[in-house]
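Observations on the model geometry
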Amino acid sequence: CEPCGRVFYWDEWENFTTTNLPEEDLKLFQSMIAAGDLNQALITVRRIFTEIPGTAQYIRMLYVELICVLARTCIKKVGGSVVSMLGPECLGGGIIDQFANREELIENLCRTITTALSYWMEATGDTRSVLQNVKSYIESNFTSSEISTNYLSNKFCISLGYLSTSYKKEFGFTISKHIISLRVDYAKKLIAETSLSILEVAENNGFNNLSYFMRTFKKYVGCTPTE
């Protein structure tokens, strides 16, 4: 919260009361989106959520309204496919429950806006570039145990179904298979070039379950890690 610098959780918004949505700011946001002005759209969003306090219900209403403005504007450019990209968790506001504080909400909303605009504006990149960013992220972080299709969906603000379908169509393989393939190749390298135990190799590749690692390795390589 500005200017006090405190972190407020959702149950603390009860201390604030703001009933009316900022109509002028919403109109300004819509005009920025329609013009494809990403920078000004993000500045507007950050200002709205930084300057205007509200109850938890008000915050949810404001988030959903901004997402709906974004969706309506993008639909005019590319049709209904943008709805699939945003997903019901954004359009219905359910994603808000995942945030611990206002800053998390702002950052997520700004990423969502960036992704949505990139779907139809060459100036901010197209869907292919977004998918390439996802692919690059996987290739840099495949050893993390938390990485998954669901994790990437949340991180890049793309609905789970849209991300899964588009990724396979673009690269010819699923996200899960890409992650496993990278992990198995790295595991082979560690086994051949280090003195790490099989358990340590598994843990260094993001596998929390040794039995699953053994089965996966044999499936892809044709022999067990020990062999």
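Scroll up a little and you will see the structure.
Described below are features of the structure shown in this document. (Residues numbered from 1 in each chain as written. Predicted model: local features only at pLDDT ≥ 70, side-chain atom pairs only at ≥ 80, totals over all residues. Heavy atoms only, no water.)

Brief notes about the packing of helix 1 (residues 23-34) against helix 2 (residues 38-51)
- Here helix 1 crosses helix 2 at 160°, and the two axes come no closer than 8 Å. The angle between helix 1 and helix 2 falls in the class roughly antiparallel. Of the two elements, helix 1 crosses helix 2, and the hand of that crossing is left-handed. Of the residues in helix 2, those touching helix 1 at Asp 25, Leu 28, Phe 29, Met 32 and Ile 33 are Gln 40, Ala 41, Thr 44, Val 45, Arg 47 and Ile 48.
- When its residues are assigned to classes, the contact of helix 1 with helix 2 shows 7 nonpolar, 2 polar and 2 charged. (Axes fitted to C-alpha atoms, helices over the stretch in contact; angles between N-to-C directions. Helix = DSSP H or I, 4+ residues; strand = E, 2+ residues; numbered from the N terminus. Parallel < 35°, antiparallel > 145°, perpendicular 65-115°, else oblique. Left-handed = near helix turned anticlockwise from the far one by under 90°. Contact = heavy atoms within 4.5 Å. Nonpolar A, V, L, I, M, F, W, Y, C, P; charged D, E, K, R; others polar.)

Concerning the pattern of salt bridges
- All chains considered together, the criterion is met by 5 salt bridges.
- In this structure, the salt-bridge partner of Arg 72 is Glu 65, at a minimum N-O distance of 3.8 Å.
- For Arg 72, a relative accessible area of 42% corresponds to the partly exposed category.
- On the basis of relative accessibility, which here comes to 26%, the residue Glu 65 falls in the partly exposed class.
- The salt bridge partner of Lys 135 is Glu 139, with a shortest N-O separation of 2.8 Å. Residue Lys 135 and its partner Glu 139 are located together in helix 7 (residues 127-141), separated by 4 residues, close to a single helical turn. (Salt bridge = Lys/Arg side-chain N within 4 Å of Asp/Glu carboxyl O. Buried < 20%, exposed > 50% of the residue type's maximum accessible area, 1.4 Å probe, protein only.)

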